Amino acid sequence: MRLPLWCFLSVFYSVAAHAADGDALLQSECAACHNLTGPAAATVAELRTRKAPDLFYAGNKFRREWLVRWLQQPTRVRPAGFLFLNHIKPGAKSDVVDAASLPTHPALDTARATAAADALMNLRPHDALIAKEKLAAGTLSRAMGEMVFDKFSGCLACHLIEPEYGGVSGPELYSAGTRLQAEYIASIVRTPQAWQPKTWMPDKHISDANIVKIVRYLDTLSKENKHE
C-alpha cells in the first residue's frame, strides 16, 4: 500500500519543527551559561569568564538517553562546580566545597528535554577526533581498572569514583559510562587539550592499552553506580 505524499511531508515537517524547537530552546534556556557555538577558551582569563561547561561539541561527548533523563532531573556532575576555584572555602583541616555557592540547574519537562537533547546531539564539530578512537568490546576487572586509573594515571586526585571517594575538582566519573560516549572518554584521556586547550586536565601521555582499560573501568563503575 502506497502512502500519500502528505504523510511523508507531515513527518518531514514534524521532525524539522522538533529540531527547530530544540535549537530555539538551547538559545533561550542554555546560551546564557553554556558556549553553544565554540570555540573553546583560548586563555585562562577567558576560561574563568565561563559560567558552565562548553556544549558546542555535546553531540561528540554525551549519550542522548542520559541527556534526556538528566535534563528532567538534573544532579550535580561536578561536585565543586565548573570552576572549582570559585567554590571552595577554608575548612577545619583543609579547603572544602562551599555548597551554598553552587548554582542549580533548571529542570525541563519530557518534551522539552527530548527536544534539547536532540538539538545538542547535532553539535558535532569533533567527529574527526572521535573517528580516531577504535575501541573493541571487552571487559576488565575492577581491581585492574582501578590500578590503572589511580596508581598509574593519578586520576583519583581530581575525580570521584564513588560518592565521597576521590577528588572534587573535576566531574565525578562513577556515572561516566552512562553519561559519556566511550570514544569521547578515550579521546579526552589521550589528548585533553584537543578538546579544551586551557583545561585543568593534564596530558598524562597514557598508552593506548591503558586508555582502553580506563574506558572499560569507567563502564564497570557505571554499572555498579546506584545513583544514576
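Up top is the structure these notes are about.
Criteria and cut-off values
Residues numbered from 1 in each chain as written. Predicted model: local features only at pLDDT ≥ 70, side-chain atom pairs only at ≥ 80, totals over all residues. Heavy atoms only, no water. Helix = DSSP H or I, 4+ residues; strand = E, 2+ residues; numbered from the N terminus. Buried < 20%, exposed > 50% of the residue type's maximum accessible area, 1.4 Å probe, protein only. Areas by Shrake-Rupley, 256 points an atom, 1.4 Å probe, with all protein chains shown as cover. Salt bridge = Lys/Arg side-chain N within 4 Å of Asp/Glu carboxyl O. Phe/Tyr/Trp six-rings, centres within 6.5 Å; stacked < 30°, edge-to-face > 60°. Disulfide = S-S within 2.5 Å. Expected span 1.5 Å × (residues − 1). Contact = heavy atoms within 4.5 Å.

Okay, the overall build of the protein next. Across its full length, the protein carries 11 helices and 4 strands. Here the protein, with 228 residues, has 40% of them falling under the buried criterion. Total accessible area on the protein stands at roughly 13000 Å², and carbon and sulfur atoms take up 59% of it.

Now for the pattern of salt bridges. Evaluated as defined, the whole model comprises 12 salt bridges. Linking arginine 112 and glutamate 29 is a salt bridge whose minimum nitrogen-to-oxygen distance equals 3.2 Å. Here glutamate 29 lies in helix 1 (residues 5-30) and arginine 112 lies in helix 5 (residues 110-121), a separation of 83 residues in the sequence. Between glutamate 172 and arginine 179 there is a salt bridge, and its shortest N-O distance comes to 3.5 Å. Judged by its relative accessible area of 3%, arginine 179 falls in the buried class. The network of salt bridges with shared partners includes Glu46, Arg50 and Asp54.

Across all of its chains, the model carries 7 aromatic pairs by this definition. On the basis of an interplanar angle of 25° and a centroid distance of 5.6 Å, the ring pair of tryptophan 66 and tryptophan 70 is categorised as stacked. Of this pair, tryptophan 66 and tryptophan 70 are both found in helix 4 (residues 64-72), 4 residues apart, which corresponds to roughly one turn of the helix. With relative accessibility at 15%, the residue tryptophan 70 sits in the buried group. Measuring from ring centre to ring centre gives 4.9 Å for tyrosine 184 and tryptophan 195, while their planes differ by 85°; the resulting arrangement is edge-to-face. Taken together, the residues span a long stretch of sequence, with tyrosine 184 in helix 9 (residues 182-190) and tryptophan 195 in helix 10 (residues 192-195) at a distance of 11 residues. Residue classification places tyrosine 184 among the buried positions, given a relative accessible area of 5%.

What follows covers the state of the cysteines. Inspection of the entire model under this criterion finds 0 disulfides. Its sulfur unpaired, cysteine 33 is 8.7 Å from the next cysteine sulfur, which belongs to cysteine 30. Residue cysteine 33 is classed as partly exposed on the basis of its relative accessible area of 40%. Free of any disulfide, cysteine 158 has its nearest cysteine sulfur in cysteine 155, 8.4 Å distant.

Turning our attention to helix 5. The end-to-end C-alpha distance of helix 5 is 16 Å, a good match for the 16 Å that 12 residues give at a rise of 1.5 Å each. Listing the buried residues of helix 5 in full gives Ala113, Thr114, Ala115, Ala116, Ala117, Ala119, Leu120 and Met121.

Looking along the chain, the bond that leaves glycine 38 and enters proline 39 is cis, with omega of -5°. Relative to the elements of secondary structure, proline 39 occurs in the loop between helix 1 and helix 2 (44-47). Of note, glutamate 164 is a non-glycine position whose phi angle comes to about 75°, a positive value. With respect to the element layout, glutamate 164 can be found in the loop between strand 3 (160-162) and strand 4 (165-166). Positive phi is not limited to glycine here, since histidine 205 has a value of about 55°. Here histidine 205 shows up in the loop between helix 10 and helix 11 (208-224).

A separate point is the environment of isoleucine 214. The residue isoleucine 214 is located in helix 11 in this model. For the pair isoleucine 214 and isoleucine 185, spaced 29 residues apart in sequence, the C-alpha to C-alpha distance is 8.5 Å. If sequence neighbours within four positions are ignored, isoleucine 214 has contacts with Val148, Phe149, Ser153, Val189 and Ile206.

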